[in-house]
Each structure stands twice: as structure tokens, then as C-alpha cells.
Amino acid sequence: MALTLDGLPVTAGAPLDLTGLATGEHTLHAEASGPGGTEVATSVFTVRADATGLAHLIFTSGAKDASIGTMATLLGQKQYSTLATWARVQSGKGLDAGRAALIAADAKSLAGAS
């Protein structure tokens, strides 16, 4: 069995942590071969930003308490554009760059939706 998510290999039977996926369209592809032949299945799904998911990204970011507090306050006040900017500025400065990019992208998406 071969599995890929957005073209990257996934271990069969392992849980998928989808919390790190960027907003937008994603593709999960599976291919299995056996005596009866080969079967292929593909599923396309879309990740959309919402305040609950953004809160999860913030609270599991590994950032210092003060940084989490700032981001949570901005989120609670629906200051999404400010939160996006703040996350970009803090990237690599106590906030993991990858997580900062996801927080900024989700906040920017929410800013455009409000």
C-alpha cells in the first residue's frame, strides 16, 4: 500500500495529524496492489480557517506564555489582521517559523472573511 498526502508519503496505518495543514485544497491518494490487481483511490478536501482551529494552533504553538496570551487576546478581539502581522514578526523569535506561518495564514484568511 502506498499513501500520499499532497504528494508526500504517509505511513499506512499511522494517524494523520492534519492540524498543520495550510488552508486550501489537499489531496490524499492511496494505491494498493495484490493478486487481484491494483486499486487506486483519491480524495480531495479543503481546509478552511476558523477561530476554533486558530485557537488550537495558538495554544499548541509551543510559544512562551506571554506570546500565547497576546495571540489569544488578538484572536478573542477578532483582530485577525493584527494577529497575522504579529505572528509573521514573531516568526523564529520564540514562535516556531512553521507554526507562525500557519497562524498568520489562518488569521489572514479570517480577516478576509469578516
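Owing to the predicted nature of the structure, the values given are computational and were not obtained by experimental measurement.

## Notes on the overall build of the chain
Reasoning step 1: The number of helices and strands found in the chain is four helices and four strands.
Reasoning step 2: For a compact globule of 114 residues, the expected C-alpha radius of gyration is about 13 Å, and the chain comes in at 17 Å, more than 25% above that figure.
Reasoning step 3: For the chain, the C-alpha atoms occupy an extent of roughly 55 × 30 × 20 Å along the three principal directions.
Reasoning step 4: Counting the 114 residues in the chain, one finds 27% classified as buried.
Reasoning step 5: Contacts spanning at least 24 positions in sequence make up 43% of the contacts within the chain whose residues lie at least 6 apart.
Reasoning step 6: For the chain, the distance from the average position of its 7 positive side-chain charges to the average position of its 9 negative side-chain charges is 16 Å.

## What to know about helix α4 (residues 97-113)
Spacing of three or four residues puts side chains on the same side of an α-helix, whose turn is 3.6 residues.
Reasoning step 1: Its 17 residues give α4 an end-to-end C-alpha distance of 24 Å, which sits within 8% of 24 Å, the value for a rise of 1.5 Å per residue.
Reasoning step 2: What α4 keeps buried is the set Arg99, Ala100, Leu102, Ile103, Ala104, Asp106, Ala107 and Leu110.
Reasoning step 3: Packing partners of the buried residues in α4 comprise α1 (51-59), α2 (65-76) and α3 (80-90).
Reasoning step 4: With a side-chain oxygen positioned 3.0 Å from the backbone nitrogen of glycine 98, the residue opening α4 is aspartate 96.

## Here we look at the environment of glycine 98
Reasoning step 1: Mapping glycine 98 onto the fold places it in helix α4.
Reasoning step 2: Once the C-alpha coordinates of glycine 98 and serine 61 are considered, the two residues, 37 residues apart in sequence, prove to be 9.6 Å apart.

## Comments concerning the nonpolar core
Reasoning step 1: Leu54, Ile58, Met71, Leu75, Leu83, Leu95 and Ile103 are the most contacted members of the largest nonpolar core, which totals 21 residues.
Reasoning step 2: A total of six residues in this core trace back to one element, the largest contributor, which is α4.
Reasoning step 3: Ignoring anything within four residues of it in the chain, the contact list for leucine 75 reads Ala51, Leu54, Ala55, Ile58, Tyr80 and Leu83.

## Points about the pairing of strand β1 (residues 2-5)
Reasoning step 1: Alternating residues of β1 divide into Leu3 and Leu5, all buried, and Ala2 and Thr4, none buried.
Reasoning step 2: Strand direction decides the pairing type here: β1 and strand β3 (residues 24-34), joined by four bridges, are antiparallel. Along β3, the bridge assignment pairs threonine 4 with histidine 29.
Reasoning step 3: Both β1 and strand β2 (residues 8-10) contribute to a ladder of three bridges, which runs antiparallel. When the sheet's bridge partners are listed, threonine 4 is paired in β2 with proline 9.
Reasoning step 4: The turn joining β1 and β2, which pair antiparallel and follow one another in sequence, is formed by two residues; a positive phi near 55° is taken by aspartate 6.

Rules used in this analysis
- Residues numbered from 1 in each chain as written.
- Predicted model: local features only at pLDDT ≥ 70, side-chain atom pairs only at ≥ 80, totals over all residues.
- Heavy atoms only, no water.
- Helix = DSSP H or I, 4+ residues; strand = E, 2+ residues; numbered from the N terminus.
- Rg over C-alpha atoms; globule rule 2.2 N^0.38 Å.
- Buried < 20%, exposed > 50% of the residue type's maximum accessible area, 1.4 Å probe, protein only.
- Contact = heavy atoms within 4.5 Å.
- Lys, Arg positive; Asp, Glu negative; His and termini not counted.
- Charge placed at Lys NZ, Arg CZ, Asp CG, Glu CD.
- Expected span 1.5 Å × (residues − 1).
- Polar contact = N/O pair within 3.5 Å; in protein donor to acceptor, adjacent residues only side chain to side chain.
- Core = buried A, V, L, I, M, F, W, Y, C linked by side-chain atoms within 4.5 Å.
- Pairing = 2+ DSSP bridges.

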